[in-house]
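Survey of secondary and tertiary structure
Each chain, written out:
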Amino acid sequence: MPDPRLIPSPNADARPDGILPELIIIHAISLPPERFGGPGVEQLFTNRLDPAGHPYYAQIHTLRVSAHYFVRRTGETLCFVPPEQRAWHAGVSSWRGRARCNDFSIGIELEGCDTLPFEAVQYVALAGLLADLCARFPITGITGHSDVAPGRKTDPGPWFSWMRLRRLLTDAGHGEVACQVEPEGRAGGDEGALMHWPFPVGARPA
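All figures in this text were calculated on a predicted structure; none of them were measured in a lab.

The next subject is the pattern of salt bridges. Applying the stated criterion across every chain yields a total of 12 salt bridges. With a closest N to O distance of 3.2 Å, R5 and E76 form a salt bridge. Taken together, the positions of R5 in strand β1 (residues 5–6) and E76 in the loop between β4 (69–71) and β5 (77–79) put the pair 71 residues apart, joining distant regions of the chain. Residue E76 is classed as partly exposed on the basis of its relative accessible area of 33%.

Shown next as structure tokens:
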């Protein structure tokens with residue numbers, strides 16, 4: 001896979017001494033909500049979001065957040081924080097009884113939302129990124145933001161196919177990585193017809 005394009009975010013710091021990433025958390029984000037392809041996410045993660053750029057931005061422009069990686073609808077992958085550092089992506093969270101997931105996790109944001117399917121190329125890019133990270137770090141779990149912050153977060157949402165991700169990893173010879181994917185997904189409902197970018201005019205987010 002091509003190396004992710006680096007766009008450094010100031011919203012990062014050092015992990016606690018002796019802590020390596022053990023968990024990968026999959027997120028979804030779109031700015032403005034349910035609109036894709038613009039600079040909003042990049043601006044948010046680099047503290048350059050214009051509060052006058054959209055009514056929603058007035059609510060969030062002071063947030064200081066980041067993720068290690070962002071996978072666009074085209075499959076392009078951006079790196080905002082090197083995985084050796086701590087990104088500010090999970091917030092109040094807990095995994096296997098362990099709080100403060102930012103300390104020991106890598107956050108991957110997918111450009112998407114709760115109401116539309118993700119792109120096939122995003123799954124391919126994500127699978128390649130997961131395989132690379134699992135080869136570099138002692139990862140023992142891959143899960144969703146909603147699984148470490150239940151009731152507070154819903155991403156990556158009902159349109160994300162955990163089974164598709166698991167199958168892609170297995171077919172690419174990364175069965176050991178597929179085994180780290182924790183959510184089961186919806187049997188029979190996970191493989192809805194994928195919409196391809198650009199969306200048909202009647203279905204494209206406004």
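More follows now that the structure is in view.
Okay, the pairing of strand β3 (residues 23–29) next. With respect to burial, β3 is a largely interior element, 7 of its 7 residues being buried. The alternating pattern of β3 places L23, I25, H27 and I29 and I24, I26 and A28 on opposite faces, both of which are buried. Where β3 lies against strand β9 (residues 105–111), 7 bridges are found, and the strand directions are parallel. Looking at the pairing, H27 lines up with E109 of β9. Note: β3 against strand β10 (residues 141–144), 4 bridges, orientation parallel.

All told, the structure shown has 5 aromatic pairs when counted by the stated rule. Ring geometry for W95 against F104: centres 6.1 Å apart, planes inclined by 35 degrees, an arrangement best described as tilted. Like F104, W95 is buried. Between F160 and W162, the ring centres sit 4.7 Å apart and the planes meet at 75 degrees, which makes this aromatic pair edge-to-face. Both residues of the pair, F160 and W162, count as buried. Clustering of aromatic rings is evident, with ring pairs tying together F118, Y123, F160 and W162.

Thresholds applied
- Residues numbered from 1 in each chain as written.
- Predicted model: local features only at pLDDT ≥ 70, side-chain atom pairs only at ≥ 80, totals over all residues.
- Heavy atoms only, no water.
- Salt bridge = Lys/Arg side-chain N within 4 Å of Asp/Glu carboxyl O.
- Helix = DSSP H or I, 4+ residues; strand = E, 2+ residues; numbered from the N terminus.
- Buried < 20%, exposed > 50% of the residue type's maximum accessible area, 1.4 Å probe, protein only.
- Pairing = 2+ DSSP bridges.
- Phe/Tyr/Trp six-rings, centres within 6.5 Å; stacked < 30°, edge-to-face > 60°.

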